[in-house]
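# Analysis of the macromolecular model
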Amino acid sequence: TKTYVDKKIDELKTTMITKDYLDEKLFDLRGDLIVVTRKEDQKVDRVIHKLREKKIFSDADATELLAVTPFPR
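Attention shifts here to the packing of aromatic side chains. Evaluation of the coordinates by the stated rule reveals zero aromatic pairs. The ring of Phe 71 carries Arg 38 above its face, with NZ or CZ at 4.1 Å from the centroid.

Structure (structure tokens):
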């Protein structure tokens, strides 16, 4: 028969999170965050362009703001 310790070890094995599982979940989360960040970055770019069209921002202002981005262009 299994000892108390053996039973507890078996219980832990069935409920513990593996490194592979955690790596996969973190990779998925990173992908989701990139998608959301890209969408937000596109919205900010559109706002900057609209404000430039309405002459609220100068060309220099728009260029400076568009240079600040979470992803290289």
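And the narrative resumes.
In this section: the pattern of salt bridges. The tally for this structure, following the rule as stated, stands at six salt bridges. A salt bridge links Lys 2 to Asp 10, with the nearest nitrogen and oxygen atoms 2.2 Å apart. Under the relative-accessibility criterion, Lys 2 is labelled partly exposed at 49%. Owing to a relative accessible area of 28%, Asp 10 belongs among the partly exposed residues under this scheme. The salt bridge involving Arg 52 is made with Asp 59; its shortest N-O contact spans 2.3 Å.

The next point concerns the packing of helix 2 (residues 19-53) against helix 3 (residues 59-67). Running from amino to carboxyl end, helix 2 crosses helix 3 at an angle of 175°, the nearest separation of the two axes being 10 Å. Taken together, the axes of helix 2 and helix 3 are roughly antiparallel relative to one another. Residues Asp 45, Ile 48, His 49 and Arg 52 of helix 2 form the contact with helix 3, whose participating residues are Asp 59, Ala 62, Leu 65 and Leu 66. Of the residues in the contact of helix 2 with helix 3, the class split is four nonpolar, one polar and three charged.

So, about unusual backbone geometry. For Lys 55, which is not glycine, the phi dihedral falls at a positive 65°. As for its placement among the helices and strands, Lys 55 is situated in the loop between helix 2 and helix 3.

On the surface, Asp 20, Glu 24, Asp 28 and Asp 32 cluster together to form a negatively charged patch. Residue placement: Asp 32 occurs in helix 2.

Rules of the game
- Residues numbered from 1 in each chain as written.
- Predicted model: local features only at pLDDT ≥ 70, side-chain atom pairs only at ≥ 80, totals over all residues.
- Heavy atoms only, no water.
- Phe/Tyr/Trp six-rings, centres within 6.5 Å; stacked < 30°, edge-to-face > 60°.
- Lys NZ or Arg CZ within 6 Å of the ring centre and 35° of its normal.
- Salt bridge = Lys/Arg side-chain N within 4 Å of Asp/Glu carboxyl O.
- Buried < 20%, exposed > 50% of the residue type's maximum accessible area, 1.4 Å probe, protein only.
- Axes fitted to C-alpha atoms, helices over the stretch in contact; angles between N-to-C directions.
- Helix = DSSP H or I, 4+ residues; strand = E, 2+ residues; numbered from the N terminus.
- Parallel < 35°, antiparallel > 145°, perpendicular 65-115°, else oblique.
- Contact = heavy atoms within 4.5 Å.
- Nonpolar A, V, L, I, M, F, W, Y, C, P; charged D, E, K, R; others polar.
- Patch = residues over 30% accessible without salt bridge, like charges linked within 9 Å, V, L, I, M, F, W, Y side chains within 5 Å.
- Areas by Shrake-Rupley, 256 points an atom, 1.4 Å probe, with all protein chains shown as cover.
- Lys, Arg positive; Asp, Glu negative; His and termini not counted.
- Charge placed at Lys NZ, Arg CZ, Asp CG, Glu CD.

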